[in-house]
Protein chains: 2
Amino acid sequence: MGKKINVGFVGAGYWGQKLLPKFLSAPDAAVRVVCDIHSGNRAAVQQKFPQISTAESCEAVLTDRELDGVVIATPPASHFSLAKKALDAGKHVWVEKPLALRLEEGRDLVQLARAKKTVLFVDHTFLYDPAVTMIRDMIRQGELGDIYHLYLQRLNLGRIKRDSNVWWNSAPHDASIVLYLLASRPKSVNLHGYRYLQPNLEDLNLAVIEMCDGTSAFIYHNWLYPENTAKLTVIGSKRLLVYEGKFEKRSVTVYDYEVEDSMDGGRLMDGLPTTIPSKMIAERELQGFQDQEPLAAAVKDFLESIRDSRAPLSHGEFSLQVLAVLEAGDRSVRSNGEKIPVEF
Amino acid sequence: MGKKINVGFVGAGYWGQKLLPKFLSAPDAAVRVVCDIHSGNRAAVQQKFPQISTAESCEAVLTDRELDGVVIATPPASHFSLAKKALDAGKHVWVEKPLALRLEEGRDLVQLARAKKTVLFVDHTFLYDPAVTMIRDMIRQGELGDIYHLYLQRLNLGRIKRDSNVWWNSAPHDASIVLYLLASRPKSVNLHGYRYLQPNLEDLNLAVIEMCDGTSAFIYHNWLYPENTAKLTVIGSKRLLVYEGKFEKRSVTVYDYEVEDSMDGGRLMDGLPTTIPSKMIAERELQGFQDQEPLAAAVKDFLESIRDSRAPLSHGEFSLQVLAVLEAGDRSVRSNGEKIPVEF
């Protein structure tokens, strides 16, 4: 193993404090400094990890000559400007999702990273869940048949955000899963969003994504829901699949089903029954991914892509597609749910 | 008890055969004749209930002078013309949902019943589920706080219809529940529908209903889904409620929750945390409705409304509102999911 990769953290709130231990336990990385404007967050870091220095201002960290990489785990509105400064200074950048709040800004970051030949990694953690990889392989190999539809729900009660709405918080996960799993490109987004808790922030929404190949996806988010879940259902022509994606409780279940072969193109012939019988044949839970931890795998990929000068799986260009879906949704919800084309 | 109410059946398919025993066991009713164009359905009725005469043609039944009421349990496309004939002949009419396929036709039926002074009953069975009545009372008494949102799912695998799409099959139930529970009127419907199994019939859809008072409802239908469920979730400002509405497995669960009172109108003040903590306090399952059977209660209300010359709970005017939502959805799905105002 060569020289360690020196990393600085910007932001040590809820997620930053989850991420920090993964970097600390990565043999390739050395975390040099953690900065946060909130003294409470700095104190929490100092107490848990007394060996790490902390700082109030991020300015020094972003341009620190000793650092190879910068991890940005701040509220979404600051991602663009912080990532831009770090890339400008020639750093490899890990930025939390979303990459930015505007597609134009995302494009700037991707171009800048390309010009500087540095790694731009966006934390779409689900790409590193081996369960998701397994589902992707099953889809590519045709095990589920033709894919008709994805249904994603991210429902919870607990962490209602004050600085961004439910779409910008949850959709980066769901859009990344949709784009990673499906071979087709997104065509349009309708986003129906509602505000019940705070006057300016949607806390409940439903997105309808249509893909170029006719596949569709519904994404349902709700910050006030009795069940705490992150669930994906894949509707295929041969099989159905349910992925429970909460990190603490992951499972993948596959359902074999059968639709009786009595369809004649939709014309009802006299004497034919008015229903097409269909039935479930088998249900089985898949194994083999539960002991692998997605966030640690993401950190590993980030560090290796720096060392090997290659793009990580969750690279800036991929995230631009996610951002295009997010932005289309944003425009849709502001146009009262209108269908908005997704533009790259 | 006075003279029995003589009833004739038109249609003895899947649902007609479920309904027939409820009329046979009602002490007020005498089922005189069951007609069905399919010999298989007639044979099934003859075998199970040898005392009932059957007929191939419905014409005689609809105008039979001996019959007080006619039960129409045929495919949706025939509801209007059959109900019209029966009402024209002065009969009391039980018609399966939906009342008709066009609002204009529904209006004709309601006017005709008014002119003839006969009962026009539409089978929105959920109005007779005591669990639904209980939820309505809780909402009216403010036990759930302000109502924000309803989420309804009707998902199954088994009976894929060949003669009508998933919206016209399932939405009469869900729209009737929404309109019965909420005090406000429906303002608009977006319907996003997709066809995967048959070229001309949607098998999967998502409706967004906005009510005049700002409440919203999502209705999700899918004919290919691993879980067989009919579930309503009510999001209120004080409590959340989940109603499992499959007749064979009904339950109502209430969740008390708390959102920390630190909201200041959406402006993020320096030093305030970026999330609003919220948490579940208690969960309890309600009792007292499981032994009551909705369909038998519906039959009882229909018969008593004839005897007492009064409107049943599920009367034609109520069903016209359901039909207005159905028609708006129908127009929306044909306009690619556009928001369509609901007109009465």
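This text gives an overview of the structure that appears in the document. Just so we're clear, the structure is a prediction, and the values are computed from it rather than from any experiment.

## Some points on the interface of chain A and chain B
In this assembly, 63 residues from chain A lie in contact with 63 residues from chain B. Overall, the association of chain A and chain B removes approximately 5,300 Å² of surface from exposure, summing both partners, and the carbon and sulfur fraction of that is 63%. Per-residue buried area on chain A facing chain B is highest for Arg-162, Tyr-196 and Pro-226 of chain A; these three make up 15% of the total on that side. Counting every contact that joins chain A to chain B gives zero salt bridges. In this structure, the connection of chain A to chain B is made through 14 residue pairs in polar contact (both at pLDDT 80 or more).

## Some words on the relation of the copies chain A and chain B
At an RMSD of 0.0 Å, chain A and chain B line up after a rotation of 180° and a shift of 0.0 Å along the axis. As the rotation angle and translation indicate, the two copies are arranged about a two-fold axis. No C-alpha of chain A approaches the rotation axis more nearly than that of Glu-338 of chain A, which lies at 3.4 Å. In this assembly, 100% of the residues forming the interface of chain A have copies in chain B that are likewise at the interface, indicating an isologous arrangement.

## What about the pairing of strand β7 (residues 147-155) of chain A?
Residues and elements named next belong to chain A. Judged by how many residues are buried, β7 sits mostly within the fold: nine of nine residues are covered. Here β7 pairs with strand β11 (residues 216-222) via seven bridges, running parallel. Counterpart to His-149 in the pairing with β11 is Ser-216.

## Concerning the pairing of strand β4 (residues 69-72) of chain B
Regular strands place side chains that alternate from one sheet face to the opposite one. Residues and elements named next belong to chain B. Covered by surrounding structure in β4 are Gly-69 and Val-71 together with Val-70 and Ile-72, the residues of both alternating faces. Pairing of strand β1 (residues 5-10) with β4 involves four bridges; the strand directions are parallel. In the strand pairing of β4, Phe-9 is matched with Val-71. Of the pairings in the sheet, the one linking β4 to strand β5 (residues 92-96) comprises four bridges and is parallel in character. Bridging across to β5, Gly-69 finds its partner in His-92. In this view, the connection linking β4 to its parallel neighbour β5 by way of helix α4 (residues 79-88) has right-handed handedness.

Cut-off values and rules
Residues numbered from 1 in each chain as written. Chains lettered and ligands numbered in written order. Predicted model: local features only at pLDDT ≥ 70, side-chain atom pairs only at ≥ 80, totals over all residues. Heavy atoms only, no water. Contact = heavy atoms within 4.5 Å. Buried area = accessible area lost by both parts, 1.4 Å probe. Salt bridge = Lys/Arg side-chain N within 4 Å of Asp/Glu carboxyl O. Polar contact = N/O pair within 3.5 Å; in protein donor to acceptor, adjacent residues only side chain to side chain. Least-squares fit on C-alpha atoms with pLDDT ≥ 70 in both. Buried < 20%, exposed > 50% of the residue type's maximum accessible area, 1.4 Å probe, protein only. Helix = DSSP H or I, 4+ residues; strand = E, 2+ residues; numbered from the N terminus. Pairing = 2+ DSSP bridges. Right-handed = clockwise from strand over helix to strand, strands pointing away.

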